[in-house]
Each structure stands twice: as structure tokens, then as C-alpha cells.
Amino acid sequence: MGAALQVTPPEDAALIAQSLETAAERGGDLTAAFYERLFHDRPELEPLFIMDTDGAVRGEMLSRAFDAILDFIGPRAYAHNLISAEATNHDGYNVPREAFADFFATIRDVVRAVCAETWSADMAAAWQRFLASIAGYIAAA
């Protein structure tokens, strides 16, 4: 897959990492805000979490997604393969590919909201390029 040879430009990686750091500093644990937004935007996904009564699965999924983002914009040691594999894995849960991609877009949206006035046009552009790259892995999986 040709996309595996592409790396995130250092400027984009720095902007994405900065936005994640700012969101963590300002918002702390973003799990509740993230899933509230995800289920608002994609209500058909909420029933998939019916057994997650304590939110542990939700928290773990979001934590793994943050780790994958940081690896994907950095060394890309595993994230590109993880994203492809998880897209295929989620087919088994009847999660459409576009919903899987929306997961990362929702992370961006929540991070943007928490960053508020520190969110910049450059961050938005870096995230957009990142999401396009992720979408390529998801579509090819």
C-alpha cells in the first residue's frame, strides 16, 4: 500500500501533537465529551456499547486511538497497521468504514472545541491532512 510510505510532515506532527497536549491540559479526560459527541453525530453506534456499563471499553478505545494518532504522526511503528486491522475488525461489529473514519474526525472536533481560541488554521489544515491519510488506510483495509 503506497500510503504506508508517506510520513506525516514534521510541521503537521507538531501541530497535531500541540493540539492534543492543549486539549489534555485544558480538558483532562476527554472520554465523556468524546462519546457524547460521537453518539450525537452517529447515534447508531451507541447500542454497540450496551455492555460497557462502566465506560471502561470506551475509555480504552479512546486511549488507544490517541496512542495510534501519536504513533501515526511520529515513528509510524504500528499505527498504520493497527488502523487497517481495526477497521477490518470493526466490520465484524457492523461498523461501516465511514463510521470508523468518523471516530478520528470526532477526536479532532472535540480537541478543536477544547482548544478553543488556541486552535489555529494551521492546526485545522494539519488535522485535515492527517484525517485524509487515515481514511486511505481505512478504505484500503
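Scope of this entry: the structure provided in the associated data block. Note that the coordinates shown come from a computational prediction; the quantities given were computed from them, not determined experimentally. (Residues numbered from 1 in each chain as written. Predicted model: local features only at pLDDT ≥ 70, side-chain atom pairs only at ≥ 80, totals over all residues. Heavy atoms only, no water.)

### Quick notes on the packing of aromatic side chains
What characterises a pair of aromatic rings is the spacing of the ring centres plus the angle enclosed by the ring planes.
Consideration 1: Within this structure, the stated rule accounts for 12 aromatic pairs.
Consideration 2: Here the aromatic rings of Tyr35 and Phe49 are separated by 5.5 Å at their centres, their planes lie at 65 degrees, and the arrangement is edge-to-face. Taken as a pair, Tyr35 in helix α2 (residues 31-41) and Phe49 in the loop between α2 and α3 (56-73) lie far apart in primary sequence, 14 residues in all.
Consideration 3: For Phe49, a relative accessible area of 10% puts it in the buried group.
Consideration 4: Residues Phe39 and Phe49 carry aromatic rings whose centres are separated by 5.5 Å and whose planes lie at 55 degrees to one another, so their mutual orientation is tilted. Of this pair, Phe39 sits in helix α2 while Phe49 sits in the loop between α2 and α3; the two residues are 10 residues apart in sequence, bridging distant segments of the chain. Assigned by exposure class, Phe39 and Phe49 land together as buried.
Consideration 5: Three or more aromatic residues link up through ring pairs in this structure, and these residues are Phe34, Tyr35, Phe39, Phe49, Phe72, Phe100, Phe103, Phe104, Trp127, Phe130 and Tyr137.
Consideration 6: The ring of Phe72 has Arg76 sitting right over it, with the charged end atom 3.7 Å from the ring centre. (Phe/Tyr/Trp six-rings, centres within 6.5 Å; stacked < 30°, edge-to-face > 60°. Helix = DSSP H or I, 4+ residues; strand = E, 2+ residues; numbered from the N terminus. Buried < 20%, exposed > 50% of the residue type's maximum accessible area, 1.4 Å probe, protein only. Lys NZ or Arg CZ within 6 Å of the ring centre and 35° of its normal.)

### Here's the deal with helix α4 (residues 79-91)
Consideration 1: An ideal rise of 1.5 Å per residue puts 18 Å on 13 residues; α4 measures up with 18 Å between its terminal C-alpha atoms.
Consideration 2: All buried positions along α4 are accounted for by Ala79, His80, Ile83, Ser84, Ala87 and His90. Buried residues along α4 cover an arc of 140 degrees about the axis, so they all sit on one side.
Consideration 3: Residues of α4 that are buried in the fold lie against α3, α5 (97-115) and α6 (121-140). (Expected span 1.5 Å × (residues − 1). Arc of directions from axis to C-beta. Contact = heavy atoms within 4.5 Å.)

### Overview of the environment of Val57
Consideration 1: Note that Val57 resides in helix α3.
Consideration 2: Val57 has contacts with Phe49 and Asp52, leaving out every residue within four places of it along the chain.

### Let's talk about α5
Consideration 1: Counted at 1.5 Å a residue, the expected span for α5 with its 19 residues is 27 Å, and the 28 Å between its end C-alpha atoms agrees.
Consideration 2: Bending of α5 peaks at approximately 25 degrees at the position of Phe103.
Consideration 3: Its buried side turned inward, α5 meets α1 (10-27), α2, α3, α4 and α6.
Consideration 4: Just downstream of α5 lies Ala116, where phi reads positive at about 50 degrees. (Bend = angle between axes of the 7 residues up to and from the residue.)

### Digging into the nonpolar core
Consideration 1: Membership of the largest hydrophobic core comes to 41 residues, with the highest contact counts inside it found for Phe104, Ile107 and Phe130.
Consideration 2: Elements represented by at least two residues in this core include exactly α1, α2, α3, α4, α5 and α6.
Consideration 3: With 9 residues, the top contributor of residues to this core is α5. (Core = buried A, V, L, I, M, F, W, Y, C linked by side-chain atoms within 4.5 Å.)

### Some words on the pattern of salt bridges
Consideration 1: Scanning the entire structure with this criterion turns up 11 salt bridges.
Consideration 2: Between Arg26 and Glu117 there is a salt bridge; the shortest N-O distance is 2.7 Å. Separated by 91 residues along the polypeptide, Arg26 in helix α1 and Glu117 in the loop between α5 and α6 bring together distant segments of the chain.
Consideration 3: The class of Arg26 is partly exposed, set by a relative accessible area of 42%.
Consideration 4: Salt bridges sharing common partners tie together Arg37, Asp41, Arg108, Asp109 and Arg112. (Salt bridge = Lys/Arg side-chain N within 4 Å of Asp/Glu carboxyl O.)

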